Amino acid sequence: AQSVTQLDSHVSVSEGTPVLLRCNYSSSYSPSLFWYVQHPNKGLQLLLKYTSAATLVKGINGFEAEFKKSETSFHLTKPSAHMSDAAEYFCVVSDHASGGSYIPTFGRGTSLIVHP
Amino acid sequence: DAGITQSPRYKITETGRQVTLMCHQTWSHSYMFWYRQDLGHGLRLIYYSAAADITDKGEVPDGYVVSRSKTENFPLTLESATRSQTSVYFCASSESPGVVWREAEQYFGPGTRLTVT
């Protein structure tokens, strides 16, 4: 069985300061991991994904995440926050399900607030 | 237009009514999904479909029915709407087999905001 825990429901930063959104996962197999972003009243958009290649993954808009198997973590970071980064962020694990399908499981989301 | 669309974008209905939410994608993706988004719960999977005429339950299927007679369409029906089904519903699709499935990105529609009174 797979699960994902986003450790913070809200993260508040000032513009220009670093961003850290934390995600821990549980998986029986070798998972794929994703971060999606949802801006207000919009659908979700892929930020980045880990698929067992490089453990440090770079995504769009300056975001990156590091896969740490020993810590079962996939934290999302950005060196300098921008006002436009204010959004809801979802960590997702995709693992093997019954019948051979890989069904994604979503975390509950972290709301990133960026102060001027 | 290419992409994934949902209709209607907003819907208000009464308890006990049947309502159908539509989802259409133009990429010929094999997999399609329906999620509901509620505050504090993130996205929860209602149903998914691996191909036309193949559907399976997700985490929260009770009270919902799906069908997939054509690859591009995946309607979601609430047979008898209840207030607990007030939510924002998202449809998503993923690339066809041939891509390592668990690595496949999901593409999301803009959502349907449903209110059951």
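Before reading further, recall that the structure is shown in the block above.
The structure reproduced in this document is the subject of the present report. All figures in this text were calculated on a predicted structure; none of them were measured in a lab.

**Structural notes on the interface of chain A and chain B**
With 22 residues of chain A at the contact, the number on the chain B side is 22 residues. Buried area between chain A and chain B, both sides added, is near 1900 Å², and the carbon and sulfur share of it is 52%. Where chain A meets chain B, there are 0 salt bridges. Between chain A and chain B we count 2 residue pairs in polar contact (both at pLDDT 80 or more) in total. Contributing elements (two or more residues each) for the side of chain A that touches chain B: β5 (32-38), β6 (44-50), β10 (87-96) and β11 (102-106) of chain A. Of the residues belonging to the side of chain A that touches chain B, the class tally is 10 nonpolar, 9 polar and 3 charged.

**Here we look at the sheet that holds strand β7 (residues 64-66) of chain B**
Residue and element names in this part refer to chain B. The antiparallel open sheet is built from 4 strands, whose spatial order is β1-β3-β8-β7. Each edge of the open sheet carries a strand with a single partner, namely β1 (4-7) and β7. Along the sheet, successive strands turn relative to each other by an average axial angle of 20°, direction set aside. As defined by bridge partners, β7 adjoins strand β8 (residues 76-78) across 3 bridges and the pair is classed as antiparallel. In the strand pairing of β8, V65 is matched with T77.

**Re the state of the cysteines**
On inspection of all chains with the given rule, the structure shows 2 disulfides over all chains. Here A:C23 is linked by a disulfide to A:C91, with a sulfur-sulfur distance of 2.0 Å. Measuring the twist about the S-S bond at about -70°, one finds the A:C23-A:C91 disulfide to be left-handed. Of the two residues, A:C23 sits in strand β4 (residues 23-26) while A:C91 sits in strand β10, which places them 68 residues apart along the sequence. Residue classification places A:C23 among the buried positions, given a relative accessible area of 0%. A residue is classified by how much of its surface remains accessible, and A:C91, at 0% relative accessible area, is buried. The disulfide partner of B:C23 is B:C91, and the gap between their sulfur atoms is 1.8 Å. Its torsion about the S-S bond being -75°, the disulfide of B:C23 and B:C91 is classed as left-handed.

What counts and how
Residues numbered from 1 in each chain as written. Chains lettered and ligands numbered in written order. Predicted model: local features only at pLDDT ≥ 70, side-chain atom pairs only at ≥ 80, totals over all residues. Heavy atoms only, no water. Contact = heavy atoms within 4.5 Å. Buried area = accessible area lost by both parts, 1.4 Å probe. Salt bridge = Lys/Arg side-chain N within 4 Å of Asp/Glu carboxyl O. Polar contact = N/O pair within 3.5 Å; in protein donor to acceptor, adjacent residues only side chain to side chain. Helix = DSSP H or I, 4+ residues; strand = E, 2+ residues; numbered from the N terminus. Nonpolar A, V, L, I, M, F, W, Y, C, P; charged D, E, K, R; others polar. Pairing = 2+ DSSP bridges. Axes fitted to C-alpha atoms, helices over the stretch in contact; angles between N-to-C directions. Disulfide = S-S within 2.5 Å. Buried < 20%, exposed > 50% of the residue type's maximum accessible area, 1.4 Å probe, protein only.

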